[in-house]
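# Secondary and tertiary structure notes
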Amino acid sequence: MPQQNDFSKGNIPRTVTRLAIPMIAAMLVNALYSVVDRIYIGHLEDVGQLALTGIGLCYPITMSVTAFSYLVGNGGGPLTSILRGAGDDEGAEKILGNSITLLVALGIIVPAVCLLIKEPILYLFGASDATYPYANAYITIYLLGSISVMLTLGLNPFLNAQGFTRIGMMTVLIGAVCNIVLDPIFIFVFDMGVSGAAIATVISQTVSAVWVILFLLGKKNLIRVRVKNLKPEVKTARRITSLGFSSFVMSITEAAVSAVFNASLSQFGGDIYVTVMTVATSVSQVVHMPMNGFAQGAQPVTGYNYGAGQYGRVKESFRFLTKFCVTYAVVAWALLMLFPAQIISIFNNDAQLIATAVPMFRIFFCMNFIMSLQMAAQNTFVAMEESKKATFFALYRKVILLIPLTLILPRIGFGVAGVFAAEPVADTISAVTCFTVFMLTAYKKLGKLGQQDVRGTSVLHRPK
């Protein structure tokens, strides 16, 4: 095994940063897929605002596709790190093979179901007769090519888990550059509007999928793709999806929250507020990517050292991750509070939209910095194979707190502002609770394990 991929040695901050920087770049670039689409669409002459609203209505469906990718990739990737740390390369290869099979199966089933129910779902999510044609045009093409999306997002974690973060960065960088180049060609030159944006996205994701598959089949890959491991095993599939379930829940509940947002905003404010929320969630995606990228960069280091019994290094990795997330989040929050109008105008410079959006924008992001605590704790739960706790807190924030608040606050006197206020209230309660539980359970457990000196014992045989 190459020295650079042995995470039980070397300086923790330097190793995490080395892995995290390419992942941050990759995630930021990946966010550009939807954000660039929305920026171009928002500037379509005469219909930009309606088209932008239509694209926003598709977000719950596109996020559902992403969720199933994360179910496999964000379960299989961390498991690969843990198994490599425990010296079980054969087990890691079985995880990779079963993950490929799961992604292909889900890549056929999920889009097929979504295509069958797209019309009633889009209207349920808040579409009007004016915005539905734009939403329908985009989502139909996207779903027809979404198997490429699932393979790209689901297999890339296996590159990162082995320390090939630069290759992982290239996976999304290649696709994003294609998307940025193809978007204006299909949207404006070929005059295809939202359909052109969807075609550009599908082509770009297909290029990315080919890239990651070729690398996994190549000689540089440390864990081999073997035909015998492609045969699905219930036990292996359950293990993958069990660990990836928290990421799945975070994404699928993000889709549910977006749907509830849009439905409530349509009822209490109309299409313009759906547009405002589309812009706010687009900005939120970009803002959270560096934190998420750094957390994903820390996961292979944390998981590898946990599997190798190096508990002091696991704690050091968590502390470093938390410091980065908090520092970054405070700086990002200050910029969002100071320059909302300038940020909103990137998507659409209509004066009425900006005037409507600025106060809602400040409400939505007023406690955004607090999520840095949950980001650090929840990702470390996953790296330590504490899937039940990670899943609970994913559900806690979105299902137990955010969705009910989105439905209740507008009806008890807050009106449309209550929809935007639900986010900071839920963020604060959830982040403080998650971080506190992590410190009292997982972090405390690491100290006890270190004192017992069980270093070198595989985490697979260690009692939970």
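I will try to describe carefully the structure that is included in this document. (Residues numbered from 1 in each chain as written. Predicted model: local features only at pLDDT ≥ 70, side-chain atom pairs only at ≥ 80, totals over all residues. Heavy atoms only, no water.)

Here the focus is the overall build of the chain. Counting its secondary structure elements, the chain contains 16 helices and zero strands. With the C-alpha coordinates aligned to their principal axes, the bounding extent of the chain is approximately 65 × 45 × 35 Å. Put simply, the chain has 464 residues, and 59% of those count as buried. Expressed as a percentage of contacts within the chain between residues at least 6 apart in sequence, the contacts between residues at least 24 apart total 83%. Taken as a whole, the chain presents about 17,800 Å² of accessible surface, with 67% of it coming from carbon and sulfur. A gap of 16 Å separates the mean positions of the 33 positive and 22 negative side-chain charges of the chain. (Helix = DSSP H or I, 4+ residues; strand = E, 2+ residues; numbered from the N terminus. Buried < 20%, exposed > 50% of the residue type's maximum accessible area, 1.4 Å probe, protein only. Contact = heavy atoms within 4.5 Å. Areas by Shrake-Rupley, 256 points an atom, 1.4 Å probe, with all protein chains shown as cover. Lys, Arg positive; Asp, Glu negative; His and termini not counted. Charge placed at Lys NZ, Arg CZ, Asp CG, Glu CD.)

The subject of this paragraph is the pattern of salt bridges. Under the counting rule described, the total for this entry stands at seven salt bridges. Measuring nitrogen to oxygen at the nearest pair gives 2.7 Å for the salt bridge that ties Arg 226 to Glu 93. In this pair, Arg 226 is assigned in the loop between α7 (193-216) and α8 (234-268) and Glu 93 in helix α3 (residues 89-124), connecting sequence segments 133 residues apart. Arg 226 sits in the partly exposed class, given a relative accessible area of 36%. The salt bridge partner of Glu 254 is Lys 398, with a shortest N-O separation of 2.6 Å. Residue Glu 254 is found in helix α8, and its partner Lys 398 is found in helix α14 (residues 387-408); the two are separated by 144 residues along the sequence. You can call Glu 254 partly exposed: its relative accessible area is 23%. The class for Lys 398 is buried, based on a relative accessible area of 4%. Here the salt bridges share partners, and the residues they tie into one network are Glu 386, Lys 389 and Lys 445. (Salt bridge = Lys/Arg side-chain N within 4 Å of Asp/Glu carboxyl O.)

Now for the environment of Thr 101. Its location among the elements puts Thr 101 in helix α3. Of the residues examined, Thr 101 reaches a relative accessible area of 24% and is grouped as partly exposed. In this structure, the C-alpha to C-alpha distance between Thr 101 and Pro 359, residues 258 residues apart in sequence, is 47 Å. Not counting chain neighbours up to four residues away, the residues in contact with Thr 101 comprise Leu 230 and Pro 232.

Moving on to the packing of aromatic side chains. The final tally for this structure, using the stated rule, is 25 aromatic pairs. With a centroid separation of 6.2 Å and an interplanar angle of 5°, the aromatic rings of Phe 324 and Tyr 328 are classed as stacked. With Phe 324 and Tyr 328 both in helix α10 (residues 311-338) and four residues apart, this pair spans about one turn of that helix. Note on Phe 324: relative accessible area 25%, which makes it partly exposed. Every member of this aromatic cluster is reached through a ring pair, and the members are Phe 318, Phe 381, Phe 392, Phe 393, Tyr 396, Phe 435, Phe 438 and Tyr 443. (Phe/Tyr/Trp six-rings, centres within 6.5 Å; stacked < 30°, edge-to-face > 60°.)

In this section: the side chain of Asn 221. Along the chain, Asn 221 turns up in the loop between α7 and α8. Its relative accessible area of 1% is what places Asn 221 among the buried residues. Of note is the side chain of Asn 221, whose polar atom sits 2.7 Å from the side chain of Gln 162. (Polar contact = N/O pair within 3.5 Å; in protein donor to acceptor, adjacent residues only side chain to side chain.)

Now for unusual backbone geometry. Here the phi dihedral of Asp 191 falls at roughly 55°; this positive angle occurs in a residue that is not glycine. Its location among the elements puts Asp 191 in the loop between α6 (165-189) and α7. Owing to a relative accessible area of 67%, Asp 191 belongs among the exposed residues under this scheme.

With that settled, consider the packing of helix α9 (residues 271-307) against helix α13 (residues 371-383). Contact geometry for α9 and α13: axes closest at 8 Å, N-to-C directions at 30°. As judged from the angle between their axes, α9 and α13 are roughly parallel. Pair α9 / α13 crosses with right-handed handedness. Listed contacts from α13 to His 288, Met 291, Asn 292, Ala 295, Gln 296, Gln 299, Thr 302, Gly 303 and Tyr 306 of α9 are Ser 372, Met 375, Asn 379, Thr 380, Val 382 and Ala 383. Split into classes, the residues belonging to the contact of α9 with α13 amount to six nonpolar, nine polar and no charged. (Axes fitted to C-alpha atoms, helices over the stretch in contact; angles between N-to-C directions. Parallel < 35°, antiparallel > 145°, perpendicular 65-115°, else oblique. Left-handed = near helix turned anticlockwise from the far one by under 90°. Nonpolar A, V, L, I, M, F, W, Y, C, P; charged D, E, K, R; others polar.)

Another point: a nonpolar patch on the surface. On the surface, Leu 173, Val 177, Val 181, Ile 185, Val 189, Phe 190 and Met 192 cluster together into a nonpolar patch covering about 570 Å² of accessible area. Tracing the backbone through its elements, the reader meets Val 181 in helix α6. Since its relative accessible area comes to 46%, Val 181 is described here as partly exposed. (Patch = residues over 30% accessible without salt bridge, like charges linked within 9 Å, V, L, I, M, F, W, Y side chains within 5 Å.)

Another aspect to go through is the packing of α13 against helix α15 (residues 415-440). It is the contact of α13 with α15, at a shortest axis distance of 8 Å, that shows an interaxial angle of 40°. In terms of axis orientation, α13 runs oblique to α15. As α13 runs across α15, the sense of the crossing is left-handed. Across the interface between the two elements, Met 371, Leu 373, Gln 374, Ala 377, Gln 378, Thr 380 and Phe 381 of α13 pack against Asp 427, Ser 430, Ala 431, Cys 434, Phe 435 and Phe 438 of α15. Considering only residue class, the contact of α13 with α15 consists of eight nonpolar, four polar and one charged.

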